[in-house]
There are 2 protein chains.
Amino acid sequence: MPTLIINGKEIAHSIKKQMTTRINYFKTNHHINPNVATIKIGQDPSSDLYLKLRNKACKEVGITTTEIDFEASISQEEVVQTLIDLNHNNAIHGILIQYPVPQHIHQFQLMNTISPQKDIEGLHPHNLGQTLLGNEYLVPCTPLAVIKILEHEAIDLTGKNVTIINHSNVVGKPLAVMCLNRNATVNVCNIFTKDITPFTKKADVLIPATGIPGLITKNHIKKNSIIIDVGIAATKDGIKGDVNRTSVDNIAAKLTPVPGGVGPVTIASSIINMVQILEHNTKNQ
Amino acid sequence: MPTLIINGKEIAHSIKKQMTTRINYFKTNHHINPNVATIKIGQDPSSDLYLKLRNKACKEVGITTTEIDFEASISQEEVVQTLIDLNHNNAIHGILIQYPVPQHIHQFQLMNTISPQKDIEGLHPHNLGQTLLGNEYLVPCTPLAVIKILEHEAIDLTGKNVTIINHSNVVGKPLAVMCLNRNATVNVCNIFTKDITPFTKKADVLIPATGIPGLITKNHIKKNSIIIDVGIAATKDGIKGDVNRTSVDNIAAKLTPVPGGVGPVTIASSIINMVQILEHNTKNQ
């Protein structure tokens, strides 16, 4: 059977459609004008593109974006003060920092300064701790996208072998705990893993996120597995994922393509978090 | 080669000795009388014993304990109010709740109410989030004990295959992220895992925490592996761990016994957290 290619754009579209309905509800019934502040420090071509796509998605669903662009030379103190002001600004519901930030900026302090109630990236320690405890509320967008895709494909993770190739703070670690929250058996490989094959070969659900184009071939995978390709790399042949699509065809049951797979759903996931914030705020009104 | 039995009591003794020196330093130089409030709700024979051992360990290292015993029928509100009072009480440096708590008590709310600065169990969402981010400060005591034992045995986790059999909030999930923070390849099995053997057999470091006495036999393990047995069960033949010690002998390189392995080090680990709090407080003075 040819491998079914999961359409990430379609899933993202369907999420955005649902979110639009809910956002309109807040606008009509609570007279809220949902507004996300996006902070960009310096220039970075790939993250500029990402931010542009995020802002476009916000517009589509009826969220206003307030863009704050800092020069790369901005001081830590000024960024922190801006975040504190945004935390206190009732017209701002969510705050997003576009990573990576320049080297002299302490990323952890920024994550920690954003109010956990406005943390639409789900990276504040309090939100990450709640995610670990299984009280998922605002969760990191890429792991959320993976979960949303699996839900869309009606894949129950209970008892499934999930292998993640990434152990970063924004992808691998939160995704691992989210899969454990859903009672999967979870394997997390990383750059120090001597041989990933025994782990990838056992995976019912394989989630590579290495940025090494074409790393995953037919030799790595289990028959009828689901592959959610989080990898992304710019090559001379265009944007490529971690999976060699030709090689795994007819072996994997389903595969997300790159581009058009996890990417669009990740952008839609930040809107899910925004709606969570709006619901939480109006519940407490 | 006969399997080397790791002496948890000795490791705990050595930790407590180091901590005593540091605690005496705070007493002499900062005129602090370190004081932990321990909260017990209702009766539970095994947790009563555990609390007794913890209080004894505190006494040994020079920490005062303030014991607060509630009837099982206490209301959530009263416990929460007590925690808030303790958070504001400058004479109290750490707060510990003895789990399990009666069913009508919402454990998550209690974890959330303890000030993250006094959370000697490392279970506040903020501290768990920091642990996930690799900023380990106050971490859950059982995972910390496992890490301390591995450090004592000079086992570098980088690139090692670690298999954990437990996916709870207090053991499996925080331990998994702590092993990932140390660049291990991590496999987490749980009650929904159809067959643990392929995962246990590949483990350089195997950490069972199921409470099923004798679950792990020679058929499960890799030659020369290290087994840190977190399981504990009261049987008619006494306290037993997850590992069938006779069966794994001569195959595992090292094994922690039950009792006398992880247990005493877990108790010593809550004292490590207490010293972390004292150091943090005096740094900010």
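Worth saying up front: this structure is predicted, and the values here are computed from it rather than measured. Every residue gets a number counted from 1 within its own chain, in the order that chain's sequence is written. The order in which chains are written sets their letters, starting at A; the order in which ligands are written sets their numbers, starting at 1. Where totals are concerned, whole chains, interfaces and linings use all residues; where local detail is concerned, this predicted model gives features only for residues with pLDDT of at least 70, and gives and counts side-chain atom pairs only at 80 or more.

A. Representation of the overall build of chain A within the structure. Assigned secondary structure in chain A consists of ten helices and eleven strands. Here chain A has a C-alpha radius of gyration of 19 Å; the compact-globule value for 285 residues is 19 Å, and the two agree. With respect to the three principal axes, the spread of C-alpha positions in chain A is 55 × 45 × 35 Å. Labels follow a simple rule on C-beta atoms placed from the backbone: if 20 or more others lie within 10 Å of a residue's own, it is buried; if 12 or fewer, it is exposed; otherwise it is partly exposed. With 285 residues in all, chain A has 49% of them scored as buried. Only DSSP runs of H or I covering at least 4 residues are called helices, and only runs of E covering at least 2 are called strands; the numbering of each starts at the N terminus. Each radius of gyration is computed over the set of C-alpha atoms, and the globule rule expresses the reference value as 2.2 Å times the number of residues to the power 0.38.

B. Inspection of the environment of His104(B) at higher detail. Residue and element names in this part refer to chain B. Among the secondary structure elements, histidine 104 is positioned in the loop between β4 (94-97) and α4 (107-113). Histidine 104 gets classed as exposed once you count the C-beta atoms within 10 Å, which come to 11. Separated by 42 residues in the primary sequence, histidine 104 and glycine 62 place their C-alpha atoms 35 Å from one another.

C. Representation of the domain arrangement of chain A within the structure. Domain boundaries in chain A define domain 1 (30-116) and domain 2 (141-263). Computed from C-alpha atoms alone, the centre-to-centre distance between domain 1 of chain A and domain 2 of chain A is 29 Å. As used throughout, domain bounds are those supplied by an automatic or database domain assignment.

D. Highlighting the sheet that holds strand β3 (residues 64-70) of chain B. Residue and element names in this part refer to chain B. Here, strands pair whenever DSSP counts at least two bridges between them. Pairing is parallel across the open sheet formed by three strands, whose spatial order is β3-β2-β4. In this open sheet, the two strands that pair with only one neighbour each are β3 and β4. Here the strands of the sheet are splayed against their neighbours by 20 degrees on average, with no regard to which way each runs. In this structure, strand β2 (residues 35-41) lies alongside β3, joined through seven bridges in parallel fashion. What sits directly across from lysine 40, in β3, is aspartate 69. Each of β2 and β3 touches helix α2 (residues 45-61); the most contacted strand, β2, lies at about 170 degrees to it. Between N-to-C directions, angles cover 0 to 180 degrees, with each direction set by a line fitted to C-alpha atoms, over the stretch in contact for helices. We call two residues in contact when the distance between their C-beta atoms, placed using the backbone, is within 7 Å.

E. Summary view of unusual backbone geometry. The omega torsion across Tyr99(A) and Pro100(A) is 0 degrees, close enough to zero to call that bond cis. Among the secondary structure elements, Pro100(A) is positioned in the loop between β4 (94-97) and α4 (107-113). Here the residue pair Val258(A) and Pro259(A) is connected by a cis peptide bond, since its omega of 0 degrees sits within 30 degrees of zero. Relative to the helices and strands, Pro259(A) is located in the loop between β11 (254-255) and α10 (262-283). One non-glycine residue, Ala154(B), lies in the positive phi region at around 55 degrees.

F. How the structure looks around the interface of chain B and chain A. Listed per partner, the contact involves 32 residues of chain B and 32 residues of chain A. Among the elements of the structure, α5 (125-132), α7 (172-181) and β6 (185-189) of chain B are those that each provide at least two residues to the side of chain B that touches chain A. Tallying contributions element by element places α5(B) first for the side of chain B that touches chain A, with seven residues.

G. A look at the pairing of strand β2 (residues 35-41) of chain A. All names here are of chain A. Within β2, five of the seven residues are buried, which leaves it mostly tucked inside the rest of the structure. With the strands pointing away from the viewer, any crossover whose connection runs clockwise from the first strand over the helix to the second is right-handed. With helix α2 (residues 45-61) bridging β2 and the parallel strand β3 (residues 64-70), this β-α-β connection has right-handed handedness. Examined bridge by bridge, β2 and β4 share four bridges and lie parallel to one another. Within the sheet, the bridge partner assigned to alanine 37 lies in β4 and is isoleucine 95.

H. How the structure looks around the sheet that holds β4(A). Residue and element names in this part refer to chain A. Pairing is parallel in the open sheet, where three strands are placed in the order β3-β2-β4. At either end of the open sheet lies a strand with only one pairing partner, and these are β3 and β4. If you compare each strand with its neighbour and ignore which way they point, the axes differ by 20 degrees on average. Across the sheet, α2 lies against β2 and β3, angled at about 170 degrees from β2, the strand it touches most.

I. Here's a closer look at the nonpolar core. Note on terminology: a nonpolar core is any set of buried Ala, Val, Leu, Ile, Met, Phe, Trp, Tyr and Cys residues joined through C-beta atoms within 7 Å. The biggest cluster of nonpolar side chains holds 163 residues, and the ones touching the most others in it are Val146(A), Ile207(A), Val146(B) and Ile207(B). Beyond its immediate chain neighbours, meaning those up to four positions away, Val146(B) contacts Leu175(B), Ile207(B), Ile228(B), Val230(B) and Val262(B).

J. Spotlight on the packing of α2(B) against helix α10 (residues 262-283) of chain B. Residue and element names in this part refer to chain B. For the pair α2 and α10, interaxial distance at closest approach is 10 Å and the crossing angle is 55 degrees. Judged on the interaxial angle alone, α10 and α2 are oblique. In this structure, α2 crosses over α10, and the sense of that crossing is right-handed. The segment α2 lies against α10, with Leu53, Arg54, Ala57 and Val61 engaging Ile267, Ala268, Ser270 and Ile271. Each angle receives one of four descriptions, namely roughly parallel if under 35 degrees, roughly antiparallel if over 145, roughly perpendicular if within 65 to 115, and oblique otherwise. Note on convention: near helix rotated counterclockwise from far helix by under a right angle means a left-handed crossing. Clockwise means right-handed.

K. The environment of Ile212(A), seen in detail. All names here are of chain A. With respect to the secondary-structure elements, isoleucine 212 resides in the loop between β7 (205-208) and β8 (226-227). It is 8.7 Å that separates the C-alpha atoms of isoleucine 212 and valine 243, two residues lying 31 residues apart in sequence. What isoleucine 212 contacts, discounting residues up to four positions off in sequence, is Gly231 and Asp242.

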